[in-house]
Amino acid sequence: MRRIGIDVGGTNTDAVLIEDGKVVRAMKAPTSEDVTTGILDSLKSLGSTGLLLDGQGGGKKIDGVMIGTTHFINAVVQRRHLTKVAALRLGMPAAASLPPFCDWPEDLAALVCGGVWMVEGGHEYDGRPFMPLDEAAVTKAAREMKAKGLKSVGISSIFSPLDPAHERRAAELVSAEMPDAVVTCSSDLGRIGLLERENAGLLNAALAELSRDTIAAFEKAIRDSGIAAPLFITQNDGTVAEASQARRLPVYSFASGATNSMRGAAYLSGLQDAMVIDVGGTTTDVGQLKNGFPREANSVVKVGGVRTLFRMPDLLSIGLGGGSHVALDPLKVGPVSVGYRLLKDGLAFGGRQLTTTDIAIAAGVLRLGDRGKVAHLDAATCQRVFAEAARLADEAIDRMKTEAGDVTLIAVGGGAFLIPDTLPGVSEVIHVEHGDCANAVGAAIAQVSGECDQIFKDLTRVGAIAAAQGIANDRAVAAGADRKTLQTIESEDMPLAYLPGNSVRVRVRVVGDVAAG
Amino acid sequence: MSSREITLDEIESLAVGAWVLGTGGGGNPYLSLLNARALYKEGKRTQLIDSADLADDAYVAVIAGMGAPLVGIERLTDHRVFARAARLMETHTKRRFDAVMGMEIGGGNGVRPFLVAANLGIPVVDSDTMGRAYPEAQMTSVAVGDLTPYPMTVVDVRGLESVIEKVPSWKWAERVGRKIVVEYGSTASTCQPPRTGAEVKKWGIHGTTTKAIAIGHAVREAQRTHADPVAAILAVEPGKILFSGKVIDVERRVTDGYLRGVTRFDGLDDFRQSVLTVDFQNEWIVASCDGEPLAMTPDLICVLDSVSGEAVGSETIRYGQRVTVIALPPPAVFLTPKGMEHVGPRAFGYDLDYRSVFSA
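As the structure is a computational prediction, the values presented were derived from the model and not from experiment.

### Remarks on the overall build of chain B
- Helices and strands together make up the secondary structure of chain B, namely 11 helices and 17 strands.
- For 360 residues, the compact-globule estimate of 2.2 N^0.38 gives 21 Å, and chain B sits close to it at 19 Å.
- When its C-alpha atoms are laid out on the principal axes, chain B stretches across 60 × 45 × 40 Å.
- Counting all 360 residues of chain B, 63% fall into the buried class.
- For chain B, long-range pairs separated by at least 24 residues make up 73% of all intrachain contacts whose partners lie at least 6 apart in sequence.
- As presented, chain B carries roughly 13,100 Å² of accessible surface, and 51% of it is formed by carbon and sulfur atoms.
- Side-chain charges in chain B split into 38 positive and 44 negative, and the spacing between the mean points of these groups amounts to 4 Å.

### Regarding the nonpolar core
- Membership of the largest hydrophobic core comes to 71 residues, with the highest contact counts inside it found for Ile11, Phe97, Val100 and Leu304 of chain B.
- The next biggest cluster of nonpolar side chains, apart from the first, holds 37 residues, and it includes Leu316, Leu354, Ala416 and Leu423 of chain A.

### Side note on the pairing of strand β23 (residues 504-512) of chain A
Residues and elements named next belong to chain A.
- Among the 9 residues of β23, 8 are classified as buried, and the element is accordingly described as predominantly covered.
- Pairing of strand β21 (residues 448-456) with β23, which is carried by 9 bridges, proceeds in the antiparallel orientation. Paired with Gln454 across the strands is Val506, a residue of β23.

### A closer look at the interface of chain A and chain B
- Each side of the interface is counted separately: chain A has 44 residues, and chain B has 45 residues.
- The interface formed by chain A and chain B includes 4 salt bridges.
- In this structure, the connection of chain A to chain B is made through 14 residue pairs in polar contact (both at pLDDT 80 or more).
- Secondary structure elements with two or more residues in the side of chain A that touches chain B: α6 (194-206), α12 (379-400) and β22 (487-495) of chain A.
- With 3 residues, the single largest contributor to the side of chain A that touches chain B is α6 of chain A.
- Its residues placed into classes, the side of chain A that touches chain B shows 23 nonpolar, 7 polar and 14 charged.

### Quick notes on the side chain of Arg307 of chain A
- Along the chain, Arg307 of chain A turns up in strand β15 (residues 306-308).
- By relative accessible area, Arg307 of chain A is classed as buried at 17%.
- Side-chain polar atoms of Arg307 of chain A contact the side chain of Glu196 of chain A, separated by 2.8 Å.
- A distance of 3.4 Å separates the side chain of Arg307 of chain A from the side chain of Tyr30 of chain B, its partner in a polar contact.
- Those residues in contact with Arg307 of chain A that lie beyond four places of it in its chain are Asp103, Glu196, Asn199, Val300, Val301 and Lys302 of chain A together with Tyr30 of chain B.

### Quick word on the packing of aromatic side chains
- Under the defined criterion, the tally for this structure stands at 6 aromatic pairs over all chains.
- Here the aromatic rings of Phe101 of chain A and Trp104 of chain A are separated by 4.8 Å at their centres, their planes lie at 70°, and the arrangement is edge-to-face.
- Plain terms: the ring middles of Phe243 of chain B and Phe271 of chain B are 5.2 Å apart, the flat faces sit at 45° to each other, and that makes the pair tilted. In this pair, Phe243 of chain B sits in strand β11 (residues 240-255) while Phe271 of chain B sits in the loop between β12 (258-267) and β13 (275-281), placing the two residues 28 residues apart along the sequence.
- Residue class for Phe243 of chain B comes out buried when judged on its relative accessible area of 0%.
- Note on Phe271 of chain B: relative accessible area 22%, which makes it partly exposed.
- Ring-pair connections join several aromatic residues into one group, and the members of that group are Tyr134, Phe334 and Phe348 of chain B.
- Here the basic side chain of Arg509 of chain A rests over the ring of Phe293 of chain A, its NZ or CZ set 5.9 Å away from the ring centre.
- Over the ring of Tyr134 of chain B we find Arg132 of chain B; its NZ or CZ atom is 4.0 Å from the centre of that ring.

### What about the packing of helix α4 (residues 79-93) of chain B against helix α5 (residues 112-120) of chain B?
All names here are of chain B.
- One way to put it is that α4 packs onto α5 with a least axis distance of 8 Å and a crossing angle of 70°. Taken together, the axis directions place α4 and α5 in an arrangement best described as roughly perpendicular. Viewed along their axes, α4 and α5 form a crossing whose handedness is right-handed. On α5, the residues that touch His79, Arg80, Phe82, Ala83, Ala86, Arg87 and Glu90 of α4 are Arg112, Leu115, Val116, Asn119 and Leu120.
- Class assignment of the residues belonging to the contact of α4 with α5 gives a composition of 6 nonpolar, 2 polar and 4 charged.

### Topic: the sheet that holds strand β1 (residues 2-8) of chain A
All names here are of chain A.
- Strand order in the open sheet formed by 6 strands is β3-β2-β1-β4-β9-β10, with mixed pairing between adjacent strands. The two strands at the open ends of the sheet, each matched to only one other strand, are β3 (22-30) and β10 (240-242). Strand-to-strand, the axes of this sheet are offset by a mean angle of 20°, without reference to chain direction.
- Across 3 bridges, strand β4 (residues 64-69) lies against strand β9 (residues 231-234) in parallel orientation. Bridge pairing links Val65 to Leu231 in β9.
- Each of β4 and β9 is contacted by helix α7 (residues 208-224), which is oriented at about 130° to β9, the strand it contacts most.
- Taken strand by strand, helix α9 (residues 256-269) contacts β1, β2 (12-19), β3, β4 and β9, and its axis lies near 125° from that of β4.

### What to know about the sheet that holds strand β8 (residues 182-185) of chain A
Residues and elements named next belong to chain A.
- Judged by pairing direction, the sheet is parallel, and its 4 strands sit side by side in the order β6-β5-β7-β8 without closing on themselves. With one partner strand each, in any of the chains shown, β6 (113-120) and β8 form the two edges of the open sheet. Taken over all neighbouring pairs, the strand axes of this sheet differ in orientation by 20° on average, direction set aside.
- As defined by bridge partners, strand β5 (residues 85-92) adjoins β6 across 6 bridges and the pair is classed as parallel. Residue Leu88 lies in a different strand from β6, and its bridge partner there is Trp117.
- Of the strands in this sheet, β5, β7 (152-157) and β8 are in contact with helix α5 (residues 165-177), which crosses β7 at around 155°.
- Packing against the sheet, α6 makes contact with β5, β7 and β8, and its axis sits at approximately 165° to β7.

What counts, and at which threshold
- Residues numbered from 1 in each chain as written.
- Chains lettered and ligands numbered in written order.
- Predicted model: local features only at pLDDT ≥ 70, side-chain atom pairs only at ≥ 80, totals over all residues.
- Heavy atoms only, no water.
- Helix = DSSP H or I, 4+ residues; strand = E, 2+ residues; numbered from the N terminus.
- Rg over C-alpha atoms; globule rule 2.2 N^0.38 Å.
- Buried < 20%, exposed > 50% of the residue type's maximum accessible area, 1.4 Å probe, protein only.
- Contact = heavy atoms within 4.5 Å.
- Areas by Shrake-Rupley, 256 points an atom, 1.4 Å probe, with all protein chains shown as cover.
- Lys, Arg positive; Asp, Glu negative; His and termini not counted.
- Charge placed at Lys NZ, Arg CZ, Asp CG, Glu CD.
- Core = buried A, V, L, I, M, F, W, Y, C linked by side-chain atoms within 4.5 Å.
- Pairing = 2+ DSSP bridges.
- Salt bridge = Lys/Arg side-chain N within 4 Å of Asp/Glu carboxyl O.
- Polar contact = N/O pair within 3.5 Å; in protein donor to acceptor, adjacent residues only side chain to side chain.
- Nonpolar A, V, L, I, M, F, W, Y, C, P; charged D, E, K, R; others polar.
- Phe/Tyr/Trp six-rings, centres within 6.5 Å; stacked < 30°, edge-to-face > 60°.
- Lys NZ or Arg CZ within 6 Å of the ring centre and 35° of its normal.
- Axes fitted to C-alpha atoms, helices over the stretch in contact; angles between N-to-C directions.
- Parallel < 35°, antiparallel > 145°, perpendicular 65-115°, else oblique.
- Left-handed = near helix turned anticlockwise from the far one by under 90°.

Next comes the structure, spelled out in structure tokens:
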């Protein structure tokens, strides 16, 4: 197995080549304005090492290029490159007073909302239709969308995670009227909770054009670099999706950068259960690994002010990093950071801002810049700053703990030098080789997942879980996993109050290796 | 009749406070809040009055949503359906309502009277019949007072309408009502048996809307100023901190149509070395510290997110959450022997004599 993992962060683009389970080469380059150039540069510099040649004038076979990017979430947060969306909800006469976009921030709704259509349809919790789908109304809506020049449609329906039939039929009817439109069905994004699922679907639809263009550009960068390998995009949950599927569901890559770091940390350390601290230039993310995957946030997550509910890692971010401003009197570390200007603004690099990196240079922990420029910082001062950084880190770790005992901590990221070898409540601090490129490593080793989250009736608990597992397995295979390698990494069941017939909601998630092409 | 206009900001606070008073159940008020925002945006306004200002012969609607919160978050909430439940009762009893109140202040039902008030143009009475959330119709002050348990209307968004004309007891009202709600798809809007002004004055639990607004306001202000939200609640309510810790286990099962189970918390800070367990039946019922009962129904047991101060529900509480558990004093009507029969620990199957955490 030979894979290239690339993580496009706000500051750096990291790339690694992994061969037979070993990191052969890691590189770090500044992220380019247009994202793609940085990727092409990374691939070219990997190629220039000769590592990708088989020694007989040909290229070695690469099984995949896995890219993680913050491009899509940044578009939402910064309100850039968004497409106008037609919202089609199937569920009338229910919820008419709370139409699509009803709880969005006004500025974002004004940018994204291209119109709202609500027609009869949807299901009950037990699979009975809530109302028959009004197909004529869907077709009429599609004609109106077309007349308005809309090109992206978000469809939602009551209880569609249990039965997506109405959403799928409506998507067919819409496509018949507007063959070029991109259609997002909320059931593809998962969870129970109509507004939050619908919101995720609408955000996804708003990213349709950006997603198409970005992924086309990634594919072009790979082609231009001369590497013949399929493109995969990393997802929030530490898995990858094939480019064609990822193009359809860009919201699934929203938090993939942080997830990749955690997965990379697990891989580089060989640990499956541990706390991970990823210290970047500006922020530090703390999360917990369970079975080699980040623990998931179970509740509503706001993205750019929009309430959503889908697979996201449970992370705590604090303003601590290698570029954090340091004030000595009174002592303060972060949350402001010099960010990508570190090599210009830091004291040791001839700038005027004292940063945590300068402290590390003065203390001899890092060999960078001009140590003479920070010679006035004595050992006691450095010690105080390190202690403050450690205190901030420790507080975040403690908040993320789910058990009272001591935890093992893996420290990764370019700013990992801020994490000392001993911390209270931590049994062992592990620094790993290539830890500064853990995110790219996490991208390179990502697997494919499948999930099932639905309500089962009149089954034993064991029967319901087995049924859910079967569905999750099929979905993983459909997403590109090798069936032989599938394993269940999450299984959760919950009986439902008030519902008759021993209803139980089961959520199962499985992962497997990418099937060999 | 003296009344005062309620601002949308107060309804925002009400939603936060009602969720705290939901004591783990009652459903998150968020969707009802969204409806209130939509109504206020249309220019609708609502008034709040004291029960003391009701005429003895005033006719008061008692509003409640019934069903599974999980269905509620798919079908959402539509203010017009709650208005229809009240209208159907008016048509059926051939009498116009003068005011509306909630059956339960805890959870989504704490906000719903305002949705009806905005539609019908009548004021909301600052009273309810639970002072918190409870799972069943007989767990109310009006049931403790043996007031008439009928008629009741049950309405759904598709136009299904039922009237329960007569039942012999509140327990029957619960049984029959529940069957209809399940057939509707486990969510419905109801108008409970109407009350006269005199009945509300005698049997209502008073000032609960104002209380919920005050609690919510305290939490929101604390969030805004980065102050301690739990301390902020205790500054406006005579409550007690029972425990502070982290969820280490949640065990859930459904029996008789209820979500029952136990949540275990490991102590932090002042409570290190201790373990708290809280039993729930939709709502938090009995809290025990290191095996000893510490607080129990009808005392209000509220599990709050330690950082945000917002309530944590029994359906959504999860492993690892950091919470502070507080108790708030119960309504006096439940402290009588008759009140205990309806909502004391034995009404929930616990062989415990009620001992208030506030009497110690």
